[in-house]
Amino acid sequence: MEKKDLDWGNLSFGYMKTDKRFVANYKQGAWDEGVLTDDDRVIITECAGVLQYAQTCFEGLKAYTTEDGSIVTFRPDLNGQRMENSCRRLEMPVFPCDRFVDAVVKTVRANLAWVPPYGSGATLYIRPYMFGSSAVIGVKPAEEYQFRILVTPVGPYFKGGVKPIVIRVSDFDRAAPRGTGHIKAGLNYAMSLHPIMDAHRQGFAENMYLDPATRSKIEETGGANFIFITRDGTLVTPKSSSILPSITRRSLVYVAEHYLNMKVEEREVPFTELPEFVEVGLCGTAAVISPVGKIVDNGKEICVPSGMADMGPVLRKLYDTLTGIQMGRIEAPEGWITKIA
Ligand code: PLP
Ligand code: COI
């Protein structure tokens with residue numbers, strides 16, 4: 001199979017129309033078989049649940065070309081399970097996890113020419129999503145839904161690849177204490193658009209959100225969880241019911257404990273503890289591990305000891321091990337890698 005003629009090494013994190021996408025429809029209480037189609041357009045009523053009341057959720061995962069030339073994806077079952085949880089919270093029908101994984105595999109197989117080559121630094125981003133497609137005018141769930149998967153080749157999420165970024169503490173909250181922060185609802189991201197644009201206008205790459213109830217504990221950013229390294233080499237990561245349970249973070253916790261013999265603490269992280277950490281990183285599918293060099297809290301700077309030049313040594317080890325597992329250089333734990341081609 002011939003690859004598309006793209007400048008793989010210089011892709012940004014953006015959308016590009018690829019050959020095929022998966023589409024399944026939910027009507028009269030059941031999902032149809034689903035098809036792969038060339039048509040990238042969605043045609044729905046002007047009164048669709050997604051348009052009126054933001055009834056939509058999504059997932060994000062990646063396909064990788066491994067060292068031996070296979071194409072694989074990473075823990076898609078966890079994305080399928082998380083999407084089931086998102087759907088339940090939004091009163092949407094569940095697209096069953098096994099069908100989710102099968103549809104991911106089929107969609108990537110139909111777009112193999114778009115999977116970036118090994119060593120290019122790029123990957124194929126996979127975006128499953130679902131939305132209420134039938135008309136609602138009173139506030140209630142739609143009766144019909146569409147589940148789709150699109151794929152697009154992507155480069156690094158933050159400009160400059162793995163160079164440390166500067167972030168700020170957001171004055172806005174991203175989620176409510178008993179709201180939807182723990183699911184991947186489109187509405188959470190709509191909430192973050194003004195804060196992120198405002199952050200960019202002021203020269204920051206991302207927002208650090210604090211817990212919405214007390215604003216005294218560190219939560220996450222708009223698109224990634226936090227990981228911190230203490231002076232004695234412990235991995236600390238925030239535990240909260242209003243952050244997204246990142247699959248990358250859960251995998252890094254396992255990698256730290258079982259591959260790198262590190263101590264791990266998943267717990268509440270008071271904002272006042274921030275100056276104690278020697279390395280700070282963001283982790284997620286898109287972010288992979290992105291090092292943070294500085295956090296600005298309303299003008300007060302907290303400079304991370306690992307500095308602005310490079311990723312610190314412990315995050316580097318975690319990064320190399322995780323990406324080594326994803327790219328087939330390091331043996332993966334049972335069930336983590338799904339072979340696609
Ligand atoms: N937190 C938020 C708000 C996100 O959007 C994402 C991205 O999916 C993550 C964390 C990281 O999650 P994952 O590692 O499953 O991609
Ligand atoms: C992901 O990492 O897959 C996400 O969905 C984050 C998003 C902000 C791009």
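Residues numbered from 1 in each chain as written. Chains lettered and ligands numbered in written order. Predicted model: local features only at pLDDT ≥ 70, side-chain atom pairs only at ≥ 80, totals over all residues. Heavy atoms only, no water.

### Some thoughts on the environment of Met 197
Among the secondary structure elements, Met 197 is positioned in helix α4 (residues 186-201). The spacing of Met 197 and Asp 5 is 192 residues in sequence and 33 Å in space, taken between C-alpha atoms. (Helix = DSSP H or I, 4+ residues; strand = E, 2+ residues; numbered from the N terminus.)

### So, helix α3 (residues 97-109)
Since the α-helix turns once every 3.6 residues, residues separated by three or four places project in the same direction. Look at α3: 18 Å from first C-alpha to last across 13 residues, which is about the 18 Å you get at 1.5 Å a residue. Cys 97, Phe 100, Val 101, Ala 103, Val 104, Val 105, Thr 107 and Val 108 are the residues of α3 that are buried. (Expected span 1.5 Å × (residues − 1). Buried < 20%, exposed > 50% of the residue type's maximum accessible area, 1.4 Å probe, protein only.)

### Section: the packing of helix α2 (residues 76-89) against α3
Remark: α2 packs on α3, axes separated minimally by 8 Å, with the N-to-C direction vectors making an angle of 130°. On the basis of the axis angle, α2 is oblique to α3. Our pair here, α2 against α3, has a crossing hand that is right-handed. Contacts between α2 and α3 involve Pro 76, Asp 77, Asn 79, Gly 80, Gln 81, Met 83 and Glu 84 on the former and, on the latter, Cys 97, Phe 100 and Val 101. (Axes fitted to C-alpha atoms, helices over the stretch in contact; angles between N-to-C directions. Parallel < 35°, antiparallel > 145°, perpendicular 65-115°, else oblique. Left-handed = near helix turned anticlockwise from the far one by under 90°. Contact = heavy atoms within 4.5 Å.)

### Brief notes about the domain arrangement of the protein chain
Interface size is commonly expressed as the accessible surface area that is lost when the partners come together. Here the protein chain is partitioned into domain 1 (8-154) and domain 2 (165-326). If you average the C-alpha positions of domain 1 and of domain 2, the two centres end up 25 Å apart. Every contact between the two is made by 21 residues of domain 1 and, on the other side, 22 residues of domain 2. Interface area for domain 1 against domain 2, summed over the two sides, is near 1,700 Å², with a carbon-plus-sulfur share of 65%. Counting the surface domain 1 buries against domain 2, the share from its top three residues, Phe 58, Phe 74 and Arg 82, is 36%. Taken together, the links from domain 1 to domain 2 amount to zero salt bridges. At the junction of domain 1 with domain 2, the criterion picks out nine residue pairs in polar contact (both at pLDDT 80 or more). Top contributing element to the side of domain 1 that touches domain 2 by residue count: α2, with six residues. Of the residues belonging to the side of domain 1 that touches domain 2, the class tally is 10 nonpolar, six polar and five charged. (Domains from an automatic or database assignment. Buried area = accessible area lost by both parts, 1.4 Å probe. Salt bridge = Lys/Arg side-chain N within 4 Å of Asp/Glu carboxyl O. Polar contact = N/O pair within 3.5 Å; in protein donor to acceptor, adjacent residues only side chain to side chain. Nonpolar A, V, L, I, M, F, W, Y, C, P; charged D, E, K, R; others polar.)

### Observations regarding the side chain of Glu 279
Here Glu 279 lies in strand β14 (residues 279-284). The side chain of Glu 279 is buried and forms no salt bridge, while Lys 317, the nearest opposite charge, is found at 8.4 Å. At a separation of 2.8 Å, a polar atom in the side chain of Glu 279 contacts the main-chain amide nitrogen of Leu 315. For Glu 279, the residues in contact, after removing those within four places along its chain, are Ile 227, Phe 228, Ile 229, Val 304, Ser 306, Gly 312, Pro 313, Val 314 and Leu 315. (Lys, Arg positive; Asp, Glu negative; His and termini not counted.)

### Section: the site of ligand 2
Within the structure, ligand 2 sits among Phe 13, Phe 58, Gly 60, Tyr 125, Arg 127, Tyr 157, Lys 184, Gly 223, Thr 285 and Ala 286. One nitrogen or oxygen atom from the side chain of Tyr 125 is found 2.6 Å from an oxygen atom belonging to ligand 2. Within the backbone of Ala 286, a nitrogen or oxygen atom sits 2.8 Å from an oxygen atom of ligand 2. Notes on ligand 2: free accessible area 280 Å², of which the protein chains cover 90%. (Near = heavy atom within 4 Å. Areas by Shrake-Rupley, 256 points an atom, 1.4 Å probe, with all protein chains shown as cover.)

### Things to note about the pattern of salt bridges
Inspection of every chain in the model, using the stated rule, returns 18 salt bridges. The shortest N-O distance in the salt bridge between Glu 59 and Arg 82 comes to 2.7 Å. With Glu 59 in the loop between β4 (56-58) and β5 (61-65) and Arg 82 in helix α2, the pair connects residues that are 23 residues apart, well separated along the chain. Arg 82 matches Glu 59 in its accessibility class, with the two residues each being buried.

### A few points about unusual backbone geometry
For Gln 28, which is not a glycine, the phi torsion comes out positive at approximately 45°. Looking at the secondary structure, you find Gln 28 in the loop between β1 (21-27) and β2 (30-31). For Gln 28, a relative accessible area of 82% gives the class exposed. For Val 288, which is not glycine, the phi dihedral falls at a positive 50°. By the element assignment, Val 288 lies in strand β15 (residues 288-297).

### Observations concerning the packing of aromatic side chains
Within this structure, the stated rule accounts for 17 aromatic pairs. Following the ring pairs from residue to residue traces out a cluster consisting of Phe 22, Tyr 26, Trp 31, Phe 95, Phe 100, Tyr 145 and Phe 147. Cation over ring: Arg 174 sits above Tyr 189, and NZ or CZ is 6.0 Å from the ring centre. (Phe/Tyr/Trp six-rings, centres within 6.5 Å; stacked < 30°, edge-to-face > 60°. Lys NZ or Arg CZ within 6 Å of the ring centre and 35° of its normal.)

### Description of the environment of His 182
Examined against the element boundaries, His 182 turns out to sit in the loop between β9 (165-169) and α4. By relative accessible area, His 182 is classed as partly exposed at 31%. In this structure the C-alpha to C-alpha distance between His 182 and Ser 240, which are 58 residues apart in sequence, comes to 8.6 Å. Excluding anything up to four places from it in sequence, His 182 contacts Arg 89, Ser 241, Ser 242, Ile 243, Leu 244 and Pro 245.

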